[in-house]
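Fold and geometry: a report
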Amino acid sequence: MRLIIAIFLPFLVFFTIGRPLAGIVCLILQITLIGWLPAAIWAVYALSQYKTDVKIRKALDQRGQA
């Protein structure tokens, strides 16, 4: 679901992953027609990095409990 949001409304993804300042910058970039494509690419990349960070954090937590 977040991937679809990242493509159509890139600035919203940053607010959902806890990066509001990047969301505002992305919104300013998205306002221009030329800037929408880089904003969407940036949002998809940030979303993939967020998912990777969550997986690493979860793995480290499980390792610490064992």
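Refer to the structure above for everything that follows.
None of these values were measured; they are calculated from a predicted model.

Quick notes on the rules
- Residues numbered from 1 in each chain as written.
- Predicted model: local features only at pLDDT ≥ 70, side-chain atom pairs only at ≥ 80, totals over all residues.
- Heavy atoms only, no water.
- Helix = DSSP H or I, 4+ residues; strand = E, 2+ residues; numbered from the N terminus.
- Rg over C-alpha atoms; globule rule 2.2 N^0.38 Å.
- Buried < 20%, exposed > 50% of the residue type's maximum accessible area, 1.4 Å probe, protein only.
- Contact = heavy atoms within 4.5 Å.
- Areas by Shrake-Rupley, 256 points an atom, 1.4 Å probe, with all protein chains shown as cover.
- Axes fitted to C-alpha atoms, helices over the stretch in contact; angles between N-to-C directions.
- Nonpolar A, V, L, I, M, F, W, Y, C, P; charged D, E, K, R; others polar.

Notes on the overall build of the protein chain
When helices and strands are counted, the protein chain shows 4 helices and 0 strands. Ordering the α and β elements of the protein chain from the N terminus gives α-α-α-α. The C-alpha radius of gyration of the protein chain comes to 14 Å, more than 25% above the 11 Å expected for a compact globule of 66 residues. Each of the three principal axes of the protein chain carries a C-alpha extent, and together these read 50 × 20 × 15 Å. Buried positions account for 23% of the 66 residues belonging to the protein chain. Once local pairs closer than 6 in sequence are excluded, the contacts in the protein chain between residues at least 24 apart make up 44%. When the accessible area of the protein chain is evaluated, it comes to approximately 5,000 Å², of which 72% is carbon and sulfur surface.

Comments concerning the side chain of Q30
Looking at the secondary structure, you find Q30 in helix α3 (residues 20-31). Among all residues touching Q30, those that are not within four sequence positions of it are F8, L9, P10, F11, G35, W36 and A39.

Concerning the packing of α3 against helix α4 (residues 33-65)
How two helices pack is summed up by the angle between their axes together with the distance between the axes. Packing of α3 against α4 brings their axes to within 6 Å, and their N-to-C directions diverge by 145 degrees. Together, A22, V25, C26, L29, Q30 and I31 of α3 and L33, G35, W36, P38, A39 and W42 of α4 make up the contact between the two elements. Counted by class, the contact of α3 with α4 contains 10 nonpolar, 2 polar and no charged residues.

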